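# Architecture at a glance
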Amino acid sequence: MRIHLIVSLAALAAGCGSGRMPPGGGGQWTFGDFAAPPSGDFAAPPFPGDDAGAPDDCSDAARLVYVIDASGKLSSFAPEKLLFTDIGTVQCGDEPPGSVNSMAIDRNAVAWINFQSGNVYKVNVQSPHLDCQATAFAPDPFGGFSTFGMGYSTNTAGASDETLFIAGSDGLAGNALARLDTATMKPKAVGALDSWPELTGTGDARLWGFFPAESGTRVAEIDKTTAKLGMTYTLPQLNGTQTAWAFAFWGGDFWIFLKRDKDNSTNVWHLAIFDGGTSVTEAVHDTGREIVGAGVSTCAPLTIG
């Protein structure tokens, strides 16, 4: 997700086992209004996916993280190698360059891309020319959803059926979470949100949001039936004036692509969760990209190692 003008995120609020980094570096986890620092006497709950695995109906392409930058350049990102691999440039219809708002990836390695016009296109990331297919989504900036964060989550843990969730401004009603029926392209609101997150889902049927803010940046689990927030990890290291951001779950950890007004380009942040706490580290500094969307399908590994 990207904002062209540097504005307060508070104003916007009105309108992604073994192989993890060692604990340390910050982050505080909360539930509801109560916060507790990690300690030996108070362990964080099991991380999503510790006891679940994705089914074997997934292609290698569907297991990757994908990002798209402000120029429309689509790339894969390998978290285990911290490596970007460029695929090509997406140009859909009459959408001007630099107008991508958000992206989600389904289990067929198809990118669902929301533009700042509100239009949604489908792009098979394996197609040679990254051909775009228009959808029937009708943006409604005054009475419904137009631009939003988006992400898939399986309907049950370990299943192959999944639902596309979106989060954004539902017209005059404020910010909300909705299910987007990909057959009819009609959204159905789930519940209100206190601000506007980017989304990522998992193969064990969970949904998470990255909530950027001047103060109070956080990652939180979102109840898919009520939109209420559950387990929350506050990330003071990421506070500031954000100008571009994206979010993905992969391998048991979260990967946050963030550019603030003080940054030359997008930096990649790694949020790892442990029974005893969290680790928040800058995994890649100054990528030379302005990443405005990230997507990972529910085929992504739940753990690594």
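Residues numbered from 1 in each chain as written. Predicted model: local features only at pLDDT ≥ 70, side-chain atom pairs only at ≥ 80, totals over all residues. Heavy atoms only, no water.

## Description of the pairing of strand S6 (residues 100–105)
Buried residues dominate S6, accounting for 6 of its 6 residues. Pairing geometry for S6 and strand S7 (residues 110–115), over 5 bridges, is antiparallel. In the strand pairing of S7, Val-100 is matched with Phe-115. If you look at the hairpin formed by S6 and S7, you'll find 4 residues sitting between the two strands, and Ala-109 has a positive phi there, around 60 degrees. (Buried < 20%, exposed > 50% of the residue type's maximum accessible area, 1.4 Å probe, protein only. Helix = DSSP H or I, 4+ residues; strand = E, 2+ residues; numbered from the N terminus. Pairing = 2+ DSSP bridges.)

## Some remarks on the sheet that holds strand S20 (residues 267–274)
Ordered in space as S18-S19-S20-S21, the 4 strands form an open sheet in which the pairing is antiparallel. Across the chains shown, the open sheet's two edge strands, defined by having one partner strand only, are strand S18 (242–250) and strand S21 (277–284). Averaged over all pairs of adjacent strands, the angle between strand axes in this sheet comes to 20 degrees, irrespective of strand direction. Examined bridge by bridge, S18 and strand S19 (residues 253–260) share 8 bridges and lie antiparallel to one another. (Axes fitted to C-alpha atoms, helices over the stretch in contact; angles between N-to-C directions.)

## Re the environment of Leu-238
Note that Leu-238 resides in the loop between strand S17 (229–234) and S18. The buried category is assigned to Leu-238, whose relative accessible area is 0%. In this structure Leu-238 touches Phe-210, Thr-217, Ile-256, Leu-258, Arg-260, Trp-269 and Val-280, once residues within four positions along its chain are discounted. (Contact = heavy atoms within 4.5 Å.)

## What about the side chain of Asp-253?
Mapped onto the elements of the fold, Asp-253 is located in strand S19. By relative accessible area, Asp-253 is classed as buried at 3%. Among the polar contacts listed, one links the side chain of Asp-253 to the side chain of His-270, at a separation of 2.7 Å. (Polar contact = N/O pair within 3.5 Å; in protein donor to acceptor, adjacent residues only side chain to side chain.)

## Digging into the side chain of Thr-147
Within the secondary structure, Thr-147 sits in the loop between strand S9 (132–134) and strand S10 (148–154). Residue Thr-147 is classed as buried on the basis of its relative accessible area, which comes to 17%. In this view, Thr-147 contacts Asn-101, Asn-114, Phe-115, Gln-116, Gly-118, Gly-168, Ser-169 and Trp-196; residues no more than four positions away in its chain are not counted.

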